[in-house]
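Commentary on secondary and tertiary structure
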Amino acid sequence: MLKRLHRWLGLLLVAPFVVICLSGSLLLFKSDYLSMAYPQLKPDAGQPLDSSLALERISKDFSADTISYLRLADEQYPYVQLITKRDHRYYFNINAELVVIMSDSSPWVWLSHLHGNWLAGKNGKAINGFLALTVLFITIIGVLLIAKEFEWRKVFRGFKGEQQPLKRSFFRHYGLGVLSLPALLLFTVTAVMFIYRSEILKLTDSHKTELARTVISTEQVHSSSAMALSQLRFAEVLTALSIYQPRLQFTFISFSHWNEGKLVVTAKQRTGLHPNGRYRLLVSLTNDGAVATIEGSKPSNLEQLLSSAFAIHAGYYWLEVTPLLYFINGLVIIALCAVGIQLAIRRRQAKWP
């Protein structure tokens, strides 16, 4: 029963799963591609990673209603990235030079959407959630089948001159399954954790901790979309944030509340796993673009744990070795799928007259 369930679920999902593996394996090298193709993005040796100059240029060249969010420079990605609502991506170095523009038709852009949501938005994300859960279920069945009669000699038997085609395919699938098991569990568990993060937090009733509100100016708070982005004093905003929470590293700026006179700033602890940390700060602005008040919230321990799954899944750490290690594991998993198809075909052929 378990073998049949493992076989048929695997055959049904092998095509979309291979697409996910291939696209994810390629995305691991996006940062390396940018570094090699556009060395101007790198700061000079010893130059501080201050995003202020790039933000000042952005405030002059763009309007707030066209920007989805800004990603600030950090140690791993030492450049400022602007994402527009049309999904165009602008990369600035910290000297405020526009180095590269990627449209929504750029391979790196649509590849990330293919991997994340099948180019279908929220519906595609739901498909990925179902796929991750089902692949995790198939993997667990595989673990049970292997554990039932596990022997180390079987792991490499299919690669050592097994003569019968059906047995050769079986032992190759068995061996590749054992070798890829840690990666399969890592990728599927972390995918389930960050895809269903909101649902898990609702079920557990996990609450954020509110941070103290600080008042910097008593001037009238801006409350309409009349103020141009060029009036915003980005350098003052970053300085005020650093004074408000000196232990945090500020990673993203969103303009989703611009019409209410607020910036939404995401931050992380400098030692935190997740690339944006889930600290959420609201910066209220005066009519002349200065900071009026800052308030925010700290994520719960569970939210930080769930959010860190994304960083682990995407290989954001140990960048010297992680992309290559994940890429090799991705190829092993794809080989596992190919041999699984071959095994199913040979099983069918063995029953033919």
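Residues numbered from 1 in each chain as written. Predicted model: local features only at pLDDT ≥ 70, side-chain atom pairs only at ≥ 80, totals over all residues. Heavy atoms only, no water.

**Concerning the overall build of the protein chain**
In terms of regular secondary structure, the protein chain is built from eleven helices and nine strands. Taking the principal axes of its C-alpha atoms as reference, the protein chain extends roughly 85 × 45 × 35 Å. Burial analysis of the protein chain (353 residues in total) assigns 46% to the buried set. Carbon and sulfur atoms provide 60% of the accessible area of the protein chain, an area that totals close to 18800 Å². One finds the centroid of the 37 positive side-chain charges in the protein chain at a distance of 17 Å from the centroid of its 24 negative side-chain charges. (Helix = DSSP H or I, 4+ residues; strand = E, 2+ residues; numbered from the N terminus. Buried < 20%, exposed > 50% of the residue type's maximum accessible area, 1.4 Å probe, protein only. Areas by Shrake-Rupley, 256 points an atom, 1.4 Å probe, with all protein chains shown as cover. Lys, Arg positive; Asp, Glu negative; His and termini not counted. Charge placed at Lys NZ, Arg CZ, Asp CG, Glu CD.)

**Regarding the packing of helix α7 (residues 165–195) against helix α10 (residues 301–314)**
Here α7 crosses α10 at 135°, and the two axes come no closer than 8 Å. Relative to α10, the element α7 is oriented oblique. At the point where α7 passes α10, the crossing takes the left-handed sense. Along its contact with α7, which presents L186, F187, T190, A191, M193 and F194, the element α10 presents L305, L306, A309, F310, I312 and H313. Grouping the constituent residues of the contact of α7 with α10 by class yields ten nonpolar, two polar and no charged. (Axes fitted to C-alpha atoms, helices over the stretch in contact; angles between N-to-C directions. Parallel < 35°, antiparallel > 145°, perpendicular 65-115°, else oblique. Left-handed = near helix turned anticlockwise from the far one by under 90°. Contact = heavy atoms within 4.5 Å. Nonpolar A, V, L, I, M, F, W, Y, C, P; charged D, E, K, R; others polar.)

**Here we look at the side chain of S25**
Here S25 lies in helix α1 (residues 2–27). In terms of polar contacts, S25 uses its side chain to reach the backbone carbonyl oxygen of C21, at 2.7 Å. Contacts of S25, omitting those with residues within four sequence positions, involve F327 and G330. (Polar contact = N/O pair within 3.5 Å; in protein donor to acceptor, adjacent residues only side chain to side chain.)

**What to know about the packing of aromatic side chains**
Within the structure shown, the criterion is met by 15 aromatic pairs. For the ring pair Y69 and F252, a centre distance of 5.4 Å and an interplane angle of 65° mean the geometry is edge-to-face. Residue Y69 is found in strand β1 (residues 67–71), and its partner F252 is found in strand β6 (residues 248–254); the two are separated by 183 residues along the sequence. Judged by its relative accessible area of 29%, Y69 is partly exposed. The exposure class assigned to F252 is buried, which follows from its relative accessible area of 14%. Summarising the aromatic geometry, the rings of F170 and F171 are spaced 5.1 Å apart at their centres and angled 75° between planes, so their arrangement reads as edge-to-face. What links up through ring pairs into an aromatic cluster is the set Y77, Y79, Y91, F194, F310 and Y316. (Phe/Tyr/Trp six-rings, centres within 6.5 Å; stacked < 30°, edge-to-face > 60°.)

**Quick notes on the confidence of the model for the protein chain**
Fine structural detail should not be taken from predicted coordinates in areas where pLDDT scores are low. Of all residues in the protein chain, 95% have pLDDT values of 70 or greater, and the mean over the chain is 89. The least confident element of the protein chain is helix α6 (residues 152–155), whose mean pLDDT is 84; the most confident is strand β3 (residues 89–92), at 98. (pLDDT = per-residue confidence, 0-100.)

**Here we look at the sheet that holds β1**
Taken together, nine strands build an open sheet; the order of strands is β4-β3-β2-β1-β6-β7-β8-β9-β5 and the sheet is antiparallel. The strands lining the two open edges of the sheet, one partner per strand, are β4 (98–102) and β5 (209–215). When the angles between neighbouring strand axes are averaged without regard to direction, this sheet yields 20°. The pairing of β1 with β6 spans three bridges and is classified as antiparallel. Among the inter-strand pairings, L70 is bridged to a residue of β6, identified as I253. Against the sheet, helix α9 (residues 234–244) contacts β1, β5, β6, β7 (262–269), β8 (279–285) and β9 (291–298), and its axis sits at roughly 45° relative to β9. (Pairing = 2+ DSSP bridges.)

**Quick look at α1**
The largest bend in α1 is about 55°, located at V14, with the proline P16 one to four residues further on. For α1, the set of buried residues is L13, V14, F17, I20, C21, S23, G24 and S25. On its buried face, α1 sits against α4 (107–117), α5 (121–148), α7 and α11 (322–351). (Bend = angle between axes of the 7 residues up to and from the residue.)

**With respect to the packing of α4 against α5**
Their axes nearest at 7 Å, the elements α4 and α5 cross at an angle of 55°. Taken together, the axes of α4 and α5 are oblique relative to one another. Contacts between α4 and α5 involve H115, G116 and N117 on the former and, on the latter, G121, G124, K125 and N128. Here the residues of the contact of α4 with α5 sort into no nonpolar, six polar and one charged.

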